[in-house]
Structures are given as C-alpha cells and as structure tokens.
Number of protein chains: 2
Amino acid sequence: MSAERSAPPRRAPSPSIGSIYAPVQGQLARVDDRLRGLVKVEFSYLSGLLDHVLESKGKRVRPVITLLAASFHPNDGKNAEIMAAAVELLHIATLIHDDTVDNSALRRGKATVSNLWGKDIAVVLGDYLFATSATFVCDTGNIRVIRRFAETIMELSSGELHEMVVAHDPKQTRDQYLERIYDKTASLFTTASESGALLSGASEETATALKKYGYNLGMAFQIVDDILDFEGNAQDVGKPVGSDLLHGLMTLPALLYAEGHPGDGLVQDAVASRGDAKALDTALRAIAASPAVGKAYAVAEDYGQKALVCLGGLPDIPARGSLEDMVAYVLTRRA
Amino acid sequence: MSAERSAPPRRAPSPSIGSIYAPVQGQLARVDDRLRGLVKVEFSYLSGLLDHVLESKGKRVRPVITLLAASFHPNDGKNAEIMAAAVELLHIATLIHDDTVDNSALRRGKATVSNLWGKDIAVVLGDYLFATSATFVCDTGNIRVIRRFAETIMELSSGELHEMVVAHDPKQTRDQYLERIYDKTASLFTTASESGALLSGASEETATALKKYGYNLGMAFQIVDDILDFEGNAQDVGKPVGSDLLHGLMTLPALLYAEGHPGDGLVQDAVASRGDAKALDTALRAIAASPAVGKAYAVAEDYGQKALVCLGGLPDIPARGSLEDMVAYVLTRRA
C-alpha cells in the first residue's frame, strides 16, 4: 500500500515527547512507580500477569494530560498523581478487554494477554485492573471525580459494544462513528484533563476549559489512530494495516471515501465481506488513492485547533505549552 | 446419584423468603424499580441485553441483607436502597463474566448472555454493569463505602482468577478453598451488610457486627452452594450436578472426602482428568456414599452459628429476626 498512498498534509517536525513531558517529569516517574508497585501482590500468578501488562510503559499520553491539567492552580500534586495512575490503569484494563474481544494477538508489538494466557484470564485480569483503578480514584477523596470515572467506564464499554454491533454493517454512518470514538477514546481524555483540573482545586472555568481541551484532543487522537490504520506500517502501529476494515469497521477515512463515492460500494463490500482478502485489498487501495485520508486528517486537525482554542484563557506557564505541543504531537505521530 | 446420596442433616422447615423480606418489602420493590429502570437506555441493542439480564429477579439475598442491615439506626433508607441496587447489579455483572469464563450455558435455568450473544458481548456487557453499579454507589456520597465496593470487585475477580489457576490441580487445599470462597462470595456479602449499616449512620460497633455477620453468612452460603452442586438436582440448581468437579475444582465436600481417604485418589483423578466422565462419576458416587457432604454441611452450620452470634448485641427488631431467619434459609435452601 505504501507506494500508492496519498500522503496527508503533515505539520513540521513533531514536538518530542520528552519536551512535552518535561514540566511533569518528576510526577510521571512517581506515577510509574505507583503502577509498577501493583506487581507486588501475594498471589504469584496474578503478579506475573501484572508484570506483563505493566512492563511496557506505552506513551502515557492520558496520565500526562492529567498531570499537566493539574498544573494551573497551586497544589501539592499528590491527588493528580493518584488520578494519573488511575487513568493509565483504566486505559490498560480497557486495552486488555478490547484485545480480548477483538482477538488481537499483538499490542505495541507485544503479545496480548488473551494471546498468551487465553481470553478467560484476560477477562478476569481486566476486571481486576478496572477495580484497582477505581480504588486509586477513591484515594483522591473527590466524589465528583470518582463518579465521572465510573461513568467513563460505562462510556468505554458502551463504545466497545457499539463497535461490535455495527461491525460488518455496510450502513455505518459518520454520526455513529463520532459517537463511538467519543465513547471509546475522547471520554477518557475528557476525564483525564477535567479530573486533573478539579483535583488541583482549579476554578470551574479552568476545569471546563481543560475538559473541552481533553474532548477535542481525544477526538483528534482517535481519528489519527484510525488514519494510521490505513497508512502506518505494521511495525510502527503494532498491528496489521487495514485491521479496522478487516473487522468490519468503517472509520473516518473509509466513511469519507464512501461519502465521496456513493456509487462504487467498495468500502461497503469490504466490511460486509467479513474478511475477504480481495474485497479488503480493493477497498484499501481505493481509499489510499483517494483524498479520503487527507480529508480525515483535516477533520482531526480541526479538532486539534479547537483543543488549542480551549487553552486560550489559561495562564502562559510551561504546562500550557506542553498541552499545546501535545496537540501537535497527536496530529503528527506515526504510531 | 440421588438414590445413593447420604442426606446431610437438615433443619426443620426453611423460613419463607416472603417472611424474611417482609420488613423491607417496600424498599425492595423500589430497588427492583431502580434496576429495571436501567433498561431505558437509548442504545436499543444494549437495552435488549439489559432486559434479558434484569428480567429474572433471582433471590436477591444480597440487596435484602443491605436493606436489613440498614434498619438498626433511624434513617430515610434512600442510601440503603441505592446501595442495595448497586450490590445486586454487581452480583449480576459478576455472574455474566463468571458464566463467560466458565462456559456456562444456563443460569437459573435460563440461557446465559455468553450462550445467547457470545462471549465478547458478555465481556463488554459485564464491564458496563460493573461501571453502572459503581455509579450507583457514588450516589451514596460515602467514600468509605465506595472504596470498599471497588475492593470487593478486586476480590471477586481475584477469586475467579484463583479458581482458574487451581482448576484441574490435584493438590488443592482447604485453605485455598476458604480463601477463594471469601473472595468469590463472602466478600460481597460482607460489603452488602457492612455498607447497609454504615449508610444508615449506625455506630462502628453495629457496623462491625453486621460486617462479621455478612462474612459468616457468605461463607455458609457458598459452602451450601457447593454442597448443592453434589446433591441438588439439575432443574433446581439450574446447572448440571457435579459441575465443579467437572471444571476441575475441589469444593468442600470433595476436599473433605479426599482428606478422609488419603489413599484412593478418586477426587484427585477426577479433577486432573479434565472431564473424563468415568473418573467424574466414580468420584461423585464415592463422595455421595461417604460422610463428606454431611461434614461439609456441619462446617456451613458452624459459619451460620457464628453469623447468629454476631447479631447478639443488636436490638430485637423485625430486621434482626429476618437476618436470623436468613441464616436458616441459607442453610436449608435446596437451590
């Protein structure tokens, strides 16, 4: 595919993760320690499972957002660190169940829990981590944040259920897609940023601005994720290219292609074919040769722009610069 | 099997559920309404799933315990009702994941979610209900109760994981069993009773007494459950007799048989055989012909006795009578 794809417009060099994380580096190390500390449970089998899932640290975008969002009001940062750990742990739990349901063999290029230990273990381990993340949030003592966290888990599972229900349906719509990516991704980004602000003691106005920032960043993040499924290479992304279409899901590039080519039915055939290699390949080539990916990228950029606008009223401290750079990072990332 | 089994000693007629529930009947109806209200979600597919899992009401032992435990201190009962709904919903979520992991086709004689809609849907629906139950608990506004609730989910999943890890291991011990049934069952009973007391505003002393009551009742409940797996009939219990042994699990009757017959290895062979019908049948017949089931029942009675002792210092109101009768009900139930 790579030779034929129409490259979407890309910004100048992506800000480095290191520079984005700089204002909260010390805190992030403590968040990592807190998560690694979970491995120390008496039940040795569980300890081994936790070691596997907590070993690869991932990009930790969500906890960093929480820590940065907690930087606009003087506070000791303790609750933000607890919340950041909870947010990352919830994300990990979600990935374990998603990989189980999606039969994914690899995650970040590493074998998934369901692949290594089977689906049943993955279900129970995911439950354990959902609950553990909830105990973390309880430690913040903030009921509003705790409730929002529980609602986020409802939205995450509702999004996953939506995905399963629409899979292989050739009549998927852009509205369904946007609702689904809110549930799947932007919900937790929203919670990550809003809860950081609330736990820092920031004003409602600041918390609302950061909540909206999280929403727009999360939408952009998922759209870019879906674009990478079309144009990334398997090694970077850690899963096969075109896997959404293979699983019967029409993400934004596919939807935009279908909207632009109402007659040819290629995308519809691919999702309805339930994995037919030829139908899939034909659709992937058609999408790559069309402006659909570039258009999808423009939608992501639009969300990114809105995220930046949300930061407009905040004081110009290093954390704000990092949140701004995070937008550029999310839009330009290749994996 | 039934013709050959050695009947365990049974108390006189079981108190009726109706008389036990009488002091909290109005509240229980509101708890049922709250749970049924969950069906009203916009997402019609989810609504259909919720309708299926909330249709059969079950015995509702756990929410009734919460309501009764909240009756020892003057209060408007609202938080106890919310908590009772949360406790029942958590139980339902757990059953959905347990049935998924255990490949159970039937629950209360009705097809399971995993059987009807597949394992993947069941995983996500369980997640949704875990999270929904957590939002209910958040509505009580009591952080201590919320935290205990999250810990309970950790214990429930840890118990399920323990079960999966020891399955088919011929070296299972009574200590492992007792730890597992605490995690699996007594943990939620403990939370149900303690949280009812705490939310009513009862003293720490009363809350501790009711917490211990819940623990002992829960242990008795699970042991009787495990006995019913040996001697109940499939129609009453809603699953095949001997299913624990079939799944490689040594419950108390099997463990007591093995302790009493260190040489014959019948139980060990049955669990290690991974479903060999002959090995299973031989072990089931040997256990039924031995005093093991009666001895297991004596252990359950001992926990029941301890549960009654915990109630000793509480005022003699109808709710206390119901909690006492609940012990007799749990010990004499046939399904």
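The structure presented is a predicted model; accordingly, all values stated were derived computationally and were not measured.

Some words on the overall build of chain A
For chain A, the count of helices and strands is 17 helices and 2 strands. The C-alpha atoms of chain A give 20 Å as radius of gyration, which agrees with the globular expectation for 335 residues (20 Å, within 12%). Here the C-alpha coordinates of chain A stretch approximately 60 × 50 × 30 Å along the principal axes. For chain A, with 335 residues in total, the buried portion stands at 59%. At a minimum sequence separation of 6, the contacts of chain A that also span at least 24 residues come to 75%. Total accessible area on chain A stands at roughly 12,600 Å², and carbon and sulfur atoms take up 52% of it. Between the centroid of the 34 positive side chains of chain A and the centroid of its 42 negative side chains there is a distance of 2 Å.

Side note on unusual backbone geometry
Residues and elements named next belong to chain A. Of note, the phi angle at Asn 103 is positive, near 55°, even though the residue is not glycine. Tracing the backbone shows Asn 103 in the loop between helix H5 (78-101) and strand S1 (106-107). Look at His 168: it is not a glycine, yet its phi comes out positive at around 70°. Inspection of the secondary structure puts His 168 in the loop between helix H8 (143-166) and helix H9 (174-200).

Digging into the interface of chain A and chain B
Every contact between the two is made by 37 residues of chain A and, on the other side, 37 residues of chain B. Summed over the three residues of chain A that lose the most area to chain B, namely Phe 43, Met 154 and Leu 161 of chain A, the buried surface amounts to 18% of that side. In this structure, the connection of chain A to chain B is made through 4 salt bridges. Two residues, Asp 120 of chain B and Lys 119 of chain A, come together in a salt bridge whose shortest N-O distance is 2.8 Å.

Focus: the nonpolar core
By size, the foremost hydrophobic cluster in this structure holds 221 residues, and its most contacted members are Leu 129, Leu 245 and Met 326 of chain A together with Leu 129, Leu 245 and Met 326 of chain B. In this view, Met 326 of chain A contacts Ile 20, Tyr 21, Val 61, Val 64, Ile 65, Tyr 213 and Leu 217 of chain A; residues no more than four positions away in its chain are not counted.

Notes on the relation of the copies chain A and chain B
The transform that puts chain A on chain B rotates by 180° and translates by 0.0 Å along the axis, for an RMSD of 0.0 Å. Taken together, the rotation and translation describe the operation of a two-fold axis. Take the interface residues of chain A: 100% of them recur as interface residues in chain B, which is what a same-surface contact looks like.

Quick notes on the state of the cysteines
Evaluated as defined, the whole model comprises 0 disulfides over all chains. Here Cys 138 of chain B stays unpaired: no disulfide links it, and the sulfur of Cys 138 of chain A, its closest cysteine neighbor, is 7.1 Å away.

Some words on the packing of aromatic side chains
What characterises a pair of aromatic rings is the spacing of the ring centres plus the angle enclosed by the ring planes. All names here are of chain A. For the structure on display, the rule yields 6 aromatic pairs over all chains. Here the aromatic rings of Tyr 182 and Tyr 215 are separated by 5.9 Å at their centres, their planes lie at 45°, and the arrangement is tilted. Placement of the pair is Tyr 182 in helix H9 and Tyr 215 in helix H10 (residues 204-231), with a sequence separation of 33 residues. Relative accessible area serves as the criterion here: at 29%, Tyr 215 is assigned to the partly exposed category. Ring centres 6.4 Å apart and planes at 75° place the aromatic pair Tyr 215 and Tyr 303 in the edge-to-face group. Residue Tyr 215 is located in helix H10, and its partner Tyr 303 is located in helix H16 (residues 292-310); the two are separated by 88 residues in the primary sequence.

Observations concerning the side chain of Thr 132 of chain A
Looking at where Thr 132 of chain A falls in the secondary structure, it is placed in helix H7 (residues 119-138). The exposure class of Thr 132 of chain A is buried, given its relative accessible area of 2%. A polar atom in the side chain of Thr 132 of chain A sits 2.7 Å from the backbone oxygen of Tyr 128 of chain A. Beyond its immediate sequence surroundings of up to four residues, Thr 132 of chain A is in contact with Leu 38 and Leu 89 of chain A together with Met 154 of chain B.

Points about the environment of Val 241 of chain B
Looking at where Val 241 of chain B falls in the secondary structure, it is placed in the loop between helix H11 (234-237) and helix H12 (243-246). On a C-alpha basis, the gap between Val 241 of chain B and Leu 228 of chain B in space is 8.0 Å, while along the polypeptide they are 13 residues apart.

Some points on H16 of chain A
All names here are of chain A. The terminal C-alpha atoms of H16 lie 28 Å apart, and with 19 residues this matches the ideal 27 Å at 1.5 Å per residue to within 8%. What H16 keeps buried is the set Ala 292, Val 293, Gly 294, Ala 296, Tyr 297, Ala 300, Tyr 303, Gly 304, Ala 307 and Cys 310. Each element contacted by the buried residues of H16 is listed here: H9, H10, helix H13 (252-260), helix H15 (277-289) and helix H17 (318-332).

Here's the deal with the environment of Glu 204 of chain B
Residues and elements named next belong to chain B. Inspection of the secondary structure puts Glu 204 in helix H10 (residues 204-231). For Glu 204, a relative accessible area of 46% puts it in the partly exposed group. Distance from Glu 204 to Cys 138, taken between C-alpha atoms, is 21 Å for residues 66 residues apart in sequence. Contact partners of Glu 204, with chain neighbours within four places excluded, come to Arg 144 and Leu 198.

A few points about the pattern of salt bridges
Taken as a whole and judged by the stated rule, the model has 42 salt bridges over all chains. A salt bridge links Glu 204 of chain A to Arg 144 of chain A, with the nearest nitrogen and oxygen atoms 2.6 Å apart. Taken together, the residues Glu 204 of chain A in helix H10 and Arg 144 of chain A in helix H8 connect sequence positions 60 residues apart. Using a relative accessible area of 40% as the deciding quantity, one classes Arg 144 of chain A as partly exposed. With a closest N to O distance of 3.0 Å, Glu 163 of chain B and Lys 184 of chain B form a salt bridge. A residue pair is termed long-range when its members are at least 10 positions apart, and Glu 163 of chain B in helix H8 (residues 143-166) and Lys 184 of chain B in helix H9 (residues 174-200) qualify at 21 residues.

Focus: the packing of helix H4 (residues 61-69) of chain A against H9 of chain A
A pair of packed helices is captured by two measures, namely the crossing angle of their axes and the spacing between those axes. Residue and element names in this part refer to chain A. For the pair H4 and H9, the least separation of the axes is 7 Å and the interaxial angle reads 30°. Comparing their axes, H9 and H4 come out roughly parallel. Once H4 is placed against H9, the crossing between them reads as right-handed. Counting all contacts with H4, which are made through Val 61, Arg 62, Ile 65, Thr 66 and Ala 69, the residues of H9 involved are Leu 188, Phe 189, Ala 192, Ser 193, Ser 195, Gly 196, Ala 197 and Ser 200. Partitioned by chemical class, the residues of the contact of H4 with H9 number 7 nonpolar, 5 polar and 1 charged.

A few points about the environment of Ser 157 of chain B
Checked against the element boundaries, Ser 157 of chain B lands in helix H8. Overall, the relative accessible area of 5% leaves Ser 157 of chain B in the buried class. Separated by 19 residues in the primary sequence, Ser 157 of chain B and Cys 138 of chain B place their C-alpha atoms 21 Å from one another. The contacts of Ser 157 of chain B, once residues within four sequence positions are left out, are Val 124, Asp 127 and Tyr 128 of chain A. Within the structure, Ser 157 of chain B has its side chain in polar contact with the backbone oxygen of Met 154 of chain B (distance 3.2 Å).

What counts and how
- Residues numbered from 1 in each chain as written.
- Chains lettered and ligands numbered in written order.
- Predicted model: local features only at pLDDT ≥ 70, side-chain atom pairs only at ≥ 80, totals over all residues.
- Heavy atoms only, no water.
- Helix = DSSP H or I, 4+ residues; strand = E, 2+ residues; numbered from the N terminus.
- Rg over C-alpha atoms; globule rule 2.2 N^0.38 Å.
- Buried < 20%, exposed > 50% of the residue type's maximum accessible area, 1.4 Å probe, protein only.
- Contact = heavy atoms within 4.5 Å.
- Areas by Shrake-Rupley, 256 points an atom, 1.4 Å probe, with all protein chains shown as cover.
- Lys, Arg positive; Asp, Glu negative; His and termini not counted.
- Charge placed at Lys NZ, Arg CZ, Asp CG, Glu CD.
- Buried area = accessible area lost by both parts, 1.4 Å probe.
- Salt bridge = Lys/Arg side-chain N within 4 Å of Asp/Glu carboxyl O.
- Core = buried A, V, L, I, M, F, W, Y, C linked by side-chain atoms within 4.5 Å.
- Least-squares fit on C-alpha atoms with pLDDT ≥ 70 in both.
- Disulfide = S-S within 2.5 Å.
- Phe/Tyr/Trp six-rings, centres within 6.5 Å; stacked < 30°, edge-to-face > 60°.
- Polar contact = N/O pair within 3.5 Å; in protein donor to acceptor, adjacent residues only side chain to side chain.
- Expected span 1.5 Å × (residues − 1).
- Axes fitted to C-alpha atoms, helices over the stretch in contact; angles between N-to-C directions.
- Parallel < 35°, antiparallel > 145°, perpendicular 65-115°, else oblique.
- Left-handed = near helix turned anticlockwise from the far one by under 90°.
- Nonpolar A, V, L, I, M, F, W, Y, C, P; charged D, E, K, R; others polar.

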